[in-house]
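Breakdown of the fold
Here is how the chains run, residue by residue.
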Amino acid sequence: GSPTPWPGCSASCPEALAASVVKHLPAASIAAMTERAHQHQFNDNAVRMTRTLGVPGGLEQIGVHLIRLAPGFDSTQFHYHDADEEFVLILAGQGKAFIGEETFAVGPGDFMGFPAPSPGHSLHNDSAADLIYLVGGESNPADVVHYPWIKRTMIKSHGRRAWVDWADLHDL
């Protein structure tokens, strides 16, 4: 038989491994998923309708979500991560992206990547139609998320989350 990159595996081992981890979510299955409203804990106007794709797709280290943002709503509180990278791909509709000190008009096909750390970022739907986008990012067990517009930081550590206002932080 031909050699395989996995010692001890038969020639069928790579296919068996791929079959056990690759998940296919047909478009009809995604469309049939129930949207769940998600309101950001620090922004009452950040309400997005979410279909989670990553978990049913078998992903364990990144989250992937199909988002519908109704007119007038924000995607999140303006923020950036110390550890988790994120991306946004606009699929339909129009809106505004706030990135650092700049504001950009966004529409179908626009991509935004946010390495960790990156400038602060968020979206706002200032149009009369839904803004639909794919968002994804790492799910590190520990991360620090900063919210510069409200001067707050959230610490995520192995299933626990806590926050502090910047006025209450003290240098060591």
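A few points on the structure.

Conventions adopted
Residues numbered from 1 in each chain as written. Predicted model: local features only at pLDDT ≥ 70, side-chain atom pairs only at ≥ 80, totals over all residues. Heavy atoms only, no water. Salt bridge = Lys/Arg side-chain N within 4 Å of Asp/Glu carboxyl O. Helix = DSSP H or I, 4+ residues; strand = E, 2+ residues; numbered from the N terminus. Buried < 20%, exposed > 50% of the residue type's maximum accessible area, 1.4 Å probe, protein only. Pairing = 2+ DSSP bridges. Axes fitted to C-alpha atoms, helices over the stretch in contact; angles between N-to-C directions. Phe/Tyr/Trp six-rings, centres within 6.5 Å; stacked < 30°, edge-to-face > 60°. Lys NZ or Arg CZ within 6 Å of the ring centre and 35° of its normal. Core = buried A, V, L, I, M, F, W, Y, C linked by side-chain atoms within 4.5 Å. Contact = heavy atoms within 4.5 Å.

Attention now goes to the pattern of salt bridges. Per the counting criterion, the structure on display carries six salt bridges. Across the salt bridge formed by Asp130 and Arg68, the nearest N and O atoms sit 3.4 Å from each other. With Asp130 in the loop between β9 (121-124) and β10 (131-138) and Arg68 in strand β3 (residues 62-69), this pair connects stretches of sequence that are 62 residues apart. By relative accessible area, Asp130 is classed as partly exposed at 30%. Across the pair Asp165 and Arg152 runs a salt bridge whose closest N-O atoms are separated by 2.8 Å. Of this pair, Asp165 sits in strand β13 (residues 160-165) while Arg152 sits in strand β12 (residues 152-157), and the two are 13 residues apart along the sequence.

Let us look at unusual backbone geometry. Of note, the bond from Ala116 into Pro117 is cis; its omega dihedral lies within 30 degrees of zero at -10 degrees. Mapped onto the secondary structure, Pro117 falls in the loop between β8 (111-114) and β9. For Lys151, which is not a glycine, the phi torsion comes out positive at approximately 55 degrees. Tracing the backbone through its elements, the reader meets Lys151 in the loop between β11 (142-147) and β12. One non-glycine residue, His158, lies in positive phi territory at about 50 degrees. In this structure, His158 sits in the loop between β12 and β13.

With respect to topology, three strands assemble into an open sheet ordered β7-β6-β9, the strand pairing being antiparallel. For this open sheet the edge positions go to β7 (102-106) and β9, each flanked by a neighbour on one side alone. Strand-to-strand, the axes of this sheet are offset by a mean angle of 20 degrees, without reference to chain direction.

This next bit is on the packing of aromatic side chains. Inspection of the entire model under this criterion finds five aromatic pairs. Their ring planes at 80 degrees and their centres at 5.0 Å tell us that Phe42 and Tyr147 sit as a pair that is edge-to-face. With a gap of 105 residues between them, Phe42 in the loop between β1 (36-40) and β2 (43-52) and Tyr147 in strand β11 connect regions that are remote in the sequence. Accessibility assignment for this pair places Phe42 and Tyr147 in one class, buried. Ring geometry for Phe98 versus Trp149: centroids 5.6 Å apart, planes at 70 degrees, classification edge-to-face. Of the two residues, Phe98 is situated in strand β6 (residues 95-99) and Trp149 in the loop between β11 and β12; the sequence distance between them amounts to 51 residues. Aromatic rings pair up to connect Phe42, Tyr147 and Trp163 into one cluster. Directly above the ring of Trp163 sits Arg152, whose terminal nitrogen or CZ lies 4.0 Å from the centroid.

Soluble globular proteins tend to pack their nonpolar side chains together in the buried interior. Counting residues in hydrophobic clusters, the biggest one holds 13 residues, and the most contacted among them are Val88, Ile90, Ala97, Val106, Met112, Leu123 and Tyr133. What Val106 contacts, discounting residues up to four positions off in sequence, is Ile90, Gly93, Gln94, Gly95, Lys96, Ala97, Met112 and Leu123. Counting five residues, the second largest nonpolar core, distinct from the first, contains Ile30, Met33, Leu53 and Leu66.

Spatial ordering of the open sheet is given by β1-β2-β3-β10-β5-β8, a layout of six strands whose pairing is antiparallel. The two strands at the open ends of the sheet, each matched to only one other strand, are β1 and β8. Taken pair by pair, the neighbouring strands of this sheet meet at an average axis angle of 30 degrees, ignoring direction.

Remember, this is a structural readout, not a statement about activity or role.
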